[in-house]
Amino acid sequence: MTDNTANMRGAVFMMVSMASFALNDLFMKLVFADLGLFQAIFLRGVLACTIIATACWYFGLLSDLSRIRSVITNRLVQWRCLGEAGATVFFLSALQAMPLANVTAILQILPLTITLGGALFLGQKVGWRRYVAIAIGFLGVMLIVRPGGDGFTIFSVFALAAALFVTVRDLTTRGLPKTIPSLLISLLTAMVITTLGAVGSLTETWQTVGLQQWLYLAMAAAMIMGGYVCSVLAMRDGDVSFVAPFRYSIMIWALGLGFFVLGEVPDTYALIGSAVVVITGLYTFYRERIVAKKASISTASSAA
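Being a predicted model, the structure only gives us computed values, none of them experimental.

Undergrad: Explain the overall build of the protein to me, please; I cannot follow it from the model alone.
TA: Check the secondary structure of the protein and you find 13 helices and 0 strands. For the protein, the α and β elements follow one another from N to C terminus as α-α-α-α-α-α-α-α-α-α-α-α-α. Taking 304 residues into account, the globule formula puts the C-alpha radius of gyration at 19 Å, and the protein, at 19 Å, falls close to it. Each principal axis of the C-alpha atoms in the protein carries an extent, and together these give about 70 × 55 × 30 Å. For the protein, the residues scored as buried account for 51% of the 304 residues in total. Contacts in the protein between residues far apart in sequence, at least 24 positions, make up 89% of those at least 6 positions apart. Charged side chains in the protein number 20 positive and 13 negative. The centres of these two groups are separated by 12 Å.

Undergrad: Is there a simple way to explain the pattern of salt bridges in this structure?
TA: Oppositely charged side chains can form a pair if their charged atoms are brought close together. Within the structure shown, the criterion is met by 5 salt bridges. Residue Glu 264 is joined to Lys 29 by a salt bridge in which the shortest nitrogen-to-oxygen separation is 3.9 Å. Within this pair, whereas Glu 264 is found in the loop between helix H12 (249–260) and helix H13 (268–303), its partner Lys 29 is found in helix H1 (residues 4–31), the two being separated by 235 residues in sequence. The exposure class of Glu 264 is buried, given its relative accessible area of 16%. The closest approach of N and O atoms between Asp 267 and Arg 146, which form a salt bridge, is 2.9 Å. Of this pair, Asp 267 sits in the loop between H12 and H13 while Arg 146 sits in the loop between helix H7 (128–145) and helix H8 (154–174), and the two are 121 residues apart along the sequence. Salt bridges here are not isolated pairs; linked through shared partners, they connect Glu 84, Arg 169, Asp 170 and Arg 247.

Undergrad: Please clarify how the environment of Lys 29 should be interpreted in this entry.
TA: Note on Lys 29: relative accessible area 15%, which makes it buried. Each C-alpha atom, one on Lys 29 and one on Gln 96, is 6.2 Å from the other, the two residues being 67 residues apart in sequence. Excluding anything up to four places from it in sequence, Lys 29 contacts Leu 95, Gln 96, Met 98, Leu 100, Leu 262 and Glu 264. Among the polar contacts made by the side chain of Lys 29, one reaches the main-chain carbonyl oxygen of Leu 95 at a distance of 2.6 Å.

Undergrad: What exactly am I supposed to notice about the environment of Leu 233 here?
TA: On the secondary structure map, Leu 233 appears in helix H10 (residues 211–237). Take Leu 233: its relative accessible area is 28%, and that puts it in the partly exposed class. Look past the residues within four positions of Leu 233 in its chain and what remains in contact with it is Phe 13 and Ser 182.

The rules behind these values
Residues numbered from 1 in each chain as written. Predicted model: local features only at pLDDT ≥ 70, side-chain atom pairs only at ≥ 80, totals over all residues. Heavy atoms only, no water. Helix = DSSP H or I, 4+ residues; strand = E, 2+ residues; numbered from the N terminus. Rg over C-alpha atoms; globule rule 2.2 N^0.38 Å. Buried < 20%, exposed > 50% of the residue type's maximum accessible area, 1.4 Å probe, protein only. Contact = heavy atoms within 4.5 Å. Lys, Arg positive; Asp, Glu negative; His and termini not counted. Charge placed at Lys NZ, Arg CZ, Asp CG, Glu CD. Salt bridge = Lys/Arg side-chain N within 4 Å of Asp/Glu carboxyl O. Polar contact = N/O pair within 3.5 Å; in protein donor to acceptor, adjacent residues only side chain to side chain.

Right, dumping it as structure tokens:
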């Protein structure tokens, strides 16, 4: 088990990461009023890569070519980049058309999809209580997207696809060796997404970027960099069952920014669905802690 200091440090990293991602989403949504999806992803990526590469250079992480090569060729890092790239495209596509709080709430299904993914692909044991919580959590998501309703569009499907890609990202992050610097992982991820944005932007008509748009993009780049780094540190520092519930702090940011900055007011169904997703996610974390504690006690008893 991780000590309390590491757990608290991981929790702080998670909350900072969530605040950073929520602010990034806000600035990108503001940018989309004037720029195309892939142009915005590319320009933000260039700025983010510059910031992260400078940090890597400052800490001497770019001088060891063998370590850089090991990061690039690591399969888990590659899968993480794929997950992050897919999540970026689908999430930002949904963000263009959906309220900030709604699309953010859909992604809060992640603790449930990660638990399910761990059971299906990593052989982790999941009891019937957590399976029930997962099923109820998905019903909560259905309340948010409401298939067949007037508010259901292809962008709702994009938000769900983004959740699946983030699940891939987080599951692979758990398995990354701690010898790989978080900044190098973040730099490679940012470079992959920037390349994707460059290719995708060829299909769009480029728009002139004014000072205000550059400011939004610069802020988004700074926030996404902070989000990348802190999310990796959070998942690798403290116990996952302790740290992960703090991801729900993003809902406070999304609701506040959506209401006070964008003038968005989620409807009743979205609020109820969001509450269901959060409650079932928190219950899943609680059950994981109980199971982990029982396993620890059992191991200790066997050793004795």
